[in-house]
Each structure stands twice: as C-alpha cells, then as structure tokens.
Amino acid sequence: AQKVTQAQTEISVVEKEDVTLDCVYETRDTTYYLFWYKQPPSGELVFLIRRNSFDEQNEISGRYSWNFQKSTSSFNFTITASQVVDSAVYFCALSEEILTGGGNKLTFGTGTQLKVEL
Amino acid sequence: DGGITQSPKYLFRKEGQNVTLSCEQNLNHDAMYWYRQDPGQGLRLIYYSQIVNDFQKGDIAEGYSVSREKKESFPLTVTSAQKNPTAFYLCASRGGSVPGANVLTFGAGSRLTVL
C-alpha cells in the first residue's frame, strides 16, 4: 500500500528563517510521481511541484527548493528566507501509476502547518 | 478564468438530512474527484470519475453518493448514512492522458457542519 508520512505536524519560524518540511513515502511501484501542494487559509490546494521517480535532480524555484532522494524515499521541501505569506498547510502526495479503470489517485500525507511570524 | 467552483462554501445540516455539494469545472477536464479533509488526517478520496456517466468508489465512499451526468459537473451527496459528516470537502479535476502524472486542480472547498 502507498503511504506518505509528514512527521512534522506544525512548525513555527520567524520571518527570514529557512525551513525544511519533511516527506517520506512508501510504494512498491517503480514508476510514481510525487507532489507538493500548499493550502492557504482560504482552503484551496495550490500545486507547487511534481517530480517523477526517474528524475532525482533537485529543483529550485525562487525561494523554494526540493530534495528528492530515492535511497531514503524522501522528498523534502525547503523554503529559504521564509515570509509571512508562506504560512499555510503543506501537503506531500504520492500518485499511483495507473489505477484499475484509470485514475490519478493521490495518497496525501497528513500535512505540515507552517506558521511564519514577524 | 478556468477553474473549479464549489458551492456552498459553508453548509449546516441537521442530523438525518441528506445534503448535496456542488462542483463545477470549466477546464474541460475528463476526470473529477472528491476528497474529504479532517484535521490531522490529510485528504482522503471519496469518489472519482474518469468520464461522464461513470464513477468509482475511493477509500471512504460509505455514506456518500455521486453522479456524473455532465462533463462539467460532479455533485456529491452526503447521506444520512454517513456517521461523521462534519468535514471540509474538496473537489478536484484532472486533464491530460497520463493519469499518474497529471496535476489535480482543486476547488476552494465546502465546509459541512452537522448540528
């Protein structure tokens, strides 16, 4: 069974600090996709990044960076110089390759609440 | 702008009543999904639909029903059989031809409270 673990329930930082959100996954598939979504207080999940299992290159997008390591089944997310607007719940998710009858079933972690204070 | 519209945003229900949550998308996406979010439990899949007039149960379908009569619409009914319906409900859709790879687009959610 697929599983995503986000052990950090809540993290509080002061603005401008760097923060890393951890994500550990379990799957038997050799082809899979990993995602990070941001859920601000408004409630809508916003897509941040997708990574397939064959691409272990780290990625940087502005203040955001992602570290994918298959050897440790981890896909960690770092925010550099955090800002108050980064305050949200962040979800890591794992996608099964193909479901019976088709489908894109995402298995979500329980989320990490990030609070950035002035 | 293309997107997903969920309504109502807040809904209160008395025990024993059925309620229907609306989800409409204008993204021309084939697949649509309903997730339930509870504090500390992440998102769990209720139902999903790949094409019109077809849908499959997710992990927690008991007490829920759906229909997919139009490509744009995927309403969710929370029936009186759902023992603990108070939650935040999120609708999503997906386009593209590679199910595992494609990004889900989410609506803003509907918060249901049972009084």
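What counts, and where the lines are drawn
Residues numbered from 1 in each chain as written. Chains lettered and ligands numbered in written order. Predicted model: local features only at pLDDT ≥ 70, side-chain atom pairs only at ≥ 80, totals over all residues. Heavy atoms only, no water. Helix = DSSP H or I, 4+ residues; strand = E, 2+ residues; numbered from the N terminus. Rg over C-alpha atoms; globule rule 2.2 N^0.38 Å. Buried < 20%, exposed > 50% of the residue type's maximum accessible area, 1.4 Å probe, protein only. Contact = heavy atoms within 4.5 Å. Areas by Shrake-Rupley, 256 points an atom, 1.4 Å probe, with all protein chains shown as cover. Lys, Arg positive; Asp, Glu negative; His and termini not counted. Charge placed at Lys NZ, Arg CZ, Asp CG, Glu CD.

A. Representation of the overall build of chain B within the structure. Helices and strands together make up the secondary structure of chain B, namely zero helices and 11 strands. In chain B, the succession of α and β elements from N to C terminus is β-β-β-β-β-β-β-β-β-β-β. Taking 13 Å as the expected radius of gyration for a compact globule of 115 residues, we find that chain B reaches 13 Å, a close match to that expectation. Principal-axis analysis of the C-alpha atoms gives chain B an extent of 40 × 30 × 30 Å. Counting over 115 residues, chain B shows a buried share of 51%. Taking all contacts inside chain B whose residues are at least 6 apart in sequence as the whole, residues at least 24 apart take part in 52%. Total accessible area on chain B stands at roughly 5,400 Å², and carbon and sulfur atoms take up 47% of it. Between the centroid of the 12 positive side chains of chain B and the centroid of its 10 negative side chains there is a distance of 5 Å.

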